[in-house]
Amino acid sequence: MTPTMTQGLTETLNAFEIAQKQFADAADILGLDEGVRKKLRTPERCLTVAIPTRMDDGRLEVFIGHRVQHNTTRGPSKGGIRFHPNVTLDEVKALASWMTWKCATVGIPYGGAKGGITCNPKEMSQGELERMTRRYASEISLIIGPEKDIPAPDVYTNAQTMAWIMDTYSMNKGYAVPGVVTGKPLALGGSLGRNEATAQGCVYIIEEAAKKLGIDLKTATAVIQGYGNAGSIAAYLLHDLGVKIIAVSDSRGGILNTQGFDPRKVLEFKNQTGSVVGFPGTESISNEEILNLKCDVLVPAALENCITLKNAVKINAKIVAEAANGPTTPGADEILFDRKIVVLPDILANAGGVTVSYFEWVQNVQELYWDIEDVNSRLKKIMTRSFNDVYAIHKDKRINMRKAAYVLAVGRVAEAFKLRGLFP
Ligand code: GLU
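The model shown is predicted, which means the values in this text are computed figures rather than measured ones. (Residues numbered from 1 in each chain as written. Predicted model: local features only at pLDDT ≥ 70, side-chain atom pairs only at ≥ 80, totals over all residues. Heavy atoms only, no water.)

Participant: Give me the site of the ligand: which residues, what numbers.
Facilitator: Around the ligand sit 14 residues in total, of which Lys78, Lys102, Pro153, Asp154 and Ser357 are the nearest. Lys78 has a polar side-chain atom sitting 2.8 Å from an oxygen atom of the ligand. Here an oxygen atom of the ligand and a side-chain polar atom of Ser357 are 2.5 Å apart. Contact with the protein chains removes 95% of the 290 Å² of surface that the ligand exposes when unbound. Among the elements of the structure, β3 (77-84), α3 (89-105), β5 (149-153) and α11 (352-366) are those that each provide at least two residues to the shell around the ligand. Along the lines of polarity and charge, the residues of the shell around the ligand split into four nonpolar, five polar and five charged. (Near = heavy atom within 4 Å. Polar contact = N/O pair within 3.5 Å; in protein donor to acceptor, adjacent residues only side chain to side chain. Areas by Shrake-Rupley, 256 points an atom, 1.4 Å probe, with all protein chains shown as cover. Helix = DSSP H or I, 4+ residues; strand = E, 2+ residues; numbered from the N terminus. Nonpolar A, V, L, I, M, F, W, Y, C, P; charged D, E, K, R; others polar.)

Shown next as structure tokens:
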């Protein structure tokens, strides 16, 4: 597809419609029958809850939250909880289905779920966040649990959020249940390496892709869009491998220095000032410009729909490694594939997070804790094997890496569903 052919074309930015299309493409390639498709594309359970919360000024606010369990065929459902002003039920449904396919891509024994609260955590105090989180945890505690559905952090939630959920759930049970959530603080049964896991897994996938493409990471350049948990840690892990980090951004804007800079110092600066913008020795660039910079590896590590039909022709990277969920639209995917830009899809590239969540849950259930070498060597093994599984389908079927990952994942869930059959 040439750039001009994209002009005038429009596409949906509704995450659930995008997720349905990605699923349908794989179902077509696999030749799944309509009944199985209906089963696998329909979320099993969607719970929407009102969350009355006392604000610091005495006012009563009511937030709306969701927990969606998309599929539990391969095991309990698993997936994070996000706090963001743009959270909608459709977005949570999309994110839940992506978790199903992500867990299946890397072969861990979980289905997919997601939760979210429509709120602006940046404008809330710790006390307000705690009260909102605990009431939400209480409302969804009917459907979560270590054997059924296990939440974790996502956008603007963290280990502290998980500690509040673990405590709320445990107080209602009458005993400590660490396995109800993952991404907990280490002191509450969290796993070593979980905080770095999304980024570490993504870097393992980038290393495998670079080998296939003949890119030497020691002389490579990278651009990171989004400087939260995934983006900032990916930046310094790549930097540790010798990759030159030339630009990074957060919600307030981007910074550039083609000579490269130290991403750990940028993180310290962001922790002090609230943004990467203004980091000494860099020039400011916009959030649109950062995506068009010439580099070897572009890591979108923020939200959905940042690479679309509108800007895909301007992407100037060799590899796009999706640390975020859903950063590339289906229209953009086709343009990037035609332009021979390799997209390492979210359900593979950011699966390190849920993989170490799985390790955390295994440690909680067994009450036996691993050292960091164990965690990272097992993570590397799973990420490398999964990359090679997806790469083989990509080569064999001549489809892009996303379609290949979906073919693998949807095929695994469909097989499990056929074996289990229907009850009643
Ligand atoms: N929120 C992360 C994701 O999107 C992690 C989910 C988990 O650990 O359960 O993959």
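Following the structure, the description resumes.
Participant: Give a description of empty space enclosed by the protein that names residues and reports values.
Facilitator: Per the stated rule, a full pass over the model turns up two cavities of 30 Å³ or more. Elements with a contribution of two residues or more to the lining of the largest cavity: α1 (15-30), α9 (330-338) and α13 (401-420). Residues of the lining of the largest cavity, tallied by class, amount to two nonpolar, two polar and six charged. Reported here for the second largest cavity is a volume of approximately 50 Å³. Forming the boundary of the second largest cavity are Phe16, Ala19, Gln20, Phe23, Leu40, Arg41, His70, Ser97 and Trp101. (1 Å grid on protein atoms, 1.4 Å probe; cavity = no way out; pocket = protein on both sides within 12 Å on 5 of 7 lines; lining within 4 Å. Points joined across faces, edges and corners; volume = space filled by probe spheres on them.)

Participant: How would you explain the sheet that holds strand β10 (residues 294-300) if you had to name every residue and give the values?
Facilitator: Reading across the sheet, the seven strands line up as β9-β8-β7-β6-β10-β11-β12 and stay open at both edges, with mixed pairing between neighbours. Because the sheet does not close on itself, it has two edges, and the strands there are β9 (283-285) and β12 (342-344). The sheet shows a mean angle of 25° between the axes of neighbouring strands, direction not considered. Note that strand β11 (residues 316-321) and β12 share three bridges and pair parallel. Counterpart to Val320 in the pairing with β12 is Val343. (Pairing = 2+ DSSP bridges. Axes fitted to C-alpha atoms, helices over the stretch in contact; angles between N-to-C directions.)

Participant: Give me the packing of helix α7 (residues 229-240) against helix α8 (residues 263-273): which residues, what numbers.
Facilitator: The angle between the axes and the distance between the axes are what describe a pair of packed helices. For the pair α7 and α8, interaxial distance at closest approach is 8 Å and the crossing angle is 155°. It follows from the interaxial angle that α7 and α8 lie roughly antiparallel. Residue-level inspection shows Ser232, Ala235, Tyr236, His239 and Asp240 of α7 in contact with α8, the latter providing Pro263, Arg264 and Leu267. Broken down by class, the residue content of the contact of α7 with α8 amounts to four nonpolar, two polar and two charged. (Parallel < 35°, antiparallel > 145°, perpendicular 65-115°, else oblique. Contact = heavy atoms within 4.5 Å.)

Participant: Quick one: what's the story with α1, residue by residue and with numbers?
Facilitator: Every α-helix carries 3.6 residues per turn, so stepping three or four residues along brings you back to the same face. Spanning 16 residues, α1 covers 23 Å between terminal C-alpha atoms, matching the ideal 22 Å at 1.5 Å per step. On the buried face of α1, the contacting elements are α2 (34-41), α3, α9 and α13. The N-terminus of α1 is capped by Asn14, whose side-chain oxygen sits 2.8 Å from the backbone nitrogen of Phe16. (Expected span 1.5 Å × (residues − 1).)

Participant: Can you tell me about the nonpolar core, naming the residues and giving the values?
Facilitator: In this structure, Trp98, Trp101 and Leu344 are the most contacted members of the largest nonpolar core, which totals 89 residues. By residue number, the principal contributor to this core is α13, which donates eleven residues. Other than its neighbours up to four places away in sequence, Trp98 contacts Ala15, Ile18, Ala19, Gln22, Glu304, Asn325, Gly326, Asp346, Ile347 and Tyr406. If you look at the next biggest cluster of nonpolar residues, it comprises 24 residues, including Phe63, Phe83, Ile165 and Met166. (Core = buried A, V, L, I, M, F, W, Y, C linked by side-chain atoms within 4.5 Å. Buried < 20%, exposed > 50% of the residue type's maximum accessible area, 1.4 Å probe, protein only.)

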